[in-house]
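Structural description and commentary
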Amino acid sequence: MNNKDLIDFILNYSWIKNREKLNTSTRLEEDLYIYGDDAEEFLCDYSDRFSVDISNFNFSKYFTKEVYFYSIYKWLNRHKEKKTLTIGDLEKGILAGRLDDYILSKEKAE
């Protein structure tokens, strides 16, 4: 991955501190455990830092709400499909200047 600024930004929010473990397929919630209030703060800071419009981003489609027992909650709700947001998706948002369902579905279809 060549977007050093994005990786540095993500490393500040993640418990993973080894940049070699991050790639375009790394999932924010499932791999980095960014969810709930932390995910909302992360996306707002991402928007500010990289000038990405997130006003039409549907947070609830991609992130679990704040819960105290995340692993139990995920297991109990394992049949409820959430869309996955990856580092690659964040890169696409930076290139497009916005992050929303249209950009994410358009890019995944291509």
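Structure first, text after, so check above.
Here's what I pulled together on the structure shown here.

1. Describing the overall build of the protein chain
A tally of helices and strands in the protein chain yields six helices and zero strands. Across the protein chain, helices and strands are ordered from the amino to the carboxyl terminus as α-α-α-α-α-α. By the burial criterion, 38% of the 110 residues in the protein chain qualify as buried. Considering only contacts in the protein chain between residues 6 or more positions apart, those separated by 24 or more positions represent 59%. When the accessible surface of the protein chain is split by element, carbon and sulfur atoms take 49% of a total near 6900 Å².

2. Describing the nonpolar core
In terms of nonpolar packing, the biggest core is built from 25 residues, with I10, L43, Y46, F57, L85, L90 and L99 touching the most fellow members. Counting residues per element, the ones that place at least two in this core are α1 (4-13), α2 (36-50) and α5 (87-96). F57 has contacts with L43, Y62, F63, L85, L99, D100 and L104, leaving out every residue within four places of it along the chain.

3. Considerations on the pattern of salt bridges
According to the stated counting rule, one finds six salt bridges in the structure shown. The partner of D5 in a salt bridge is R49, and the shortest N-O contact between them spans 3.7 Å. Highlighted residues: D5 in helix α1 and R49 in helix α2, separated in sequence by 44 residues. D5 gets classed as partly exposed once you look at its relative accessible area, which sits at 42%.

4. Some words on α5
Since the α-helix advances by 3.6 residues per turn, residues separated by three or four positions end up pointing in the same direction. Looking at α5, one finds that the buried residues are I87, G88, D89, L90, E91 and G93. Looking at where α5 begins, the residue whose side-chain oxygen comes 3.3 Å from the main-chain nitrogen of G88 is T86. The first or second residue beyond α5 is G97, which carries a positive phi of 80°.

Conventions and cut-offs
- Throughout this document, residue positions are counted from 1 along each chain, in the order its sequence is written.
- Reporting in this predicted model follows two pLDDT cut-offs: at least 70 for local features of residues, and 80 or more for side-chain atom pairs to be given and counted; totals over whole chains, interfaces and linings ignore these cut-offs and use all residues.
- Side-chain descriptors were evaluated using all non-hydrogen atoms of the structure, hydrogens and water having been removed beforehand.
- Every helix listed is a DSSP run of H or I at least four residues long, and every strand listed is a run of E at least two residues long, numbered separately from the N terminus.
- Three exposure classes are used, based on accessible area relative to the maximum for each residue type with a 1.4 Å probe and protein chains only: buried under 20%, partly exposed in between, and exposed over 50%.
- What makes two residues a contact is simply this: any of their non-hydrogen atoms within 4.5 Å.
- Accessibility throughout is a Shrake-Rupley quantity obtained with a 1.4 Å probe, and a residue counts as covered only by protein chains that appear here.
- Among buried residues, those of type Ala, Val, Leu, Ile, Met, Phe, Trp, Tyr and Cys that are joined through side-chain atoms within 4.5 Å constitute a nonpolar core.
- Every case where a carboxyl oxygen of Asp or Glu lies within 4 Å of a side-chain nitrogen of Lys or Arg is listed as a salt bridge.
- The term polar contact refers here to a pair of N or O atoms within 3.5 Å; inside protein, the definition further demands a hydrogen-donor-capable atom paired with an acceptor-capable atom, and it admits residues adjacent in sequence only when both atoms are side-chain atoms.

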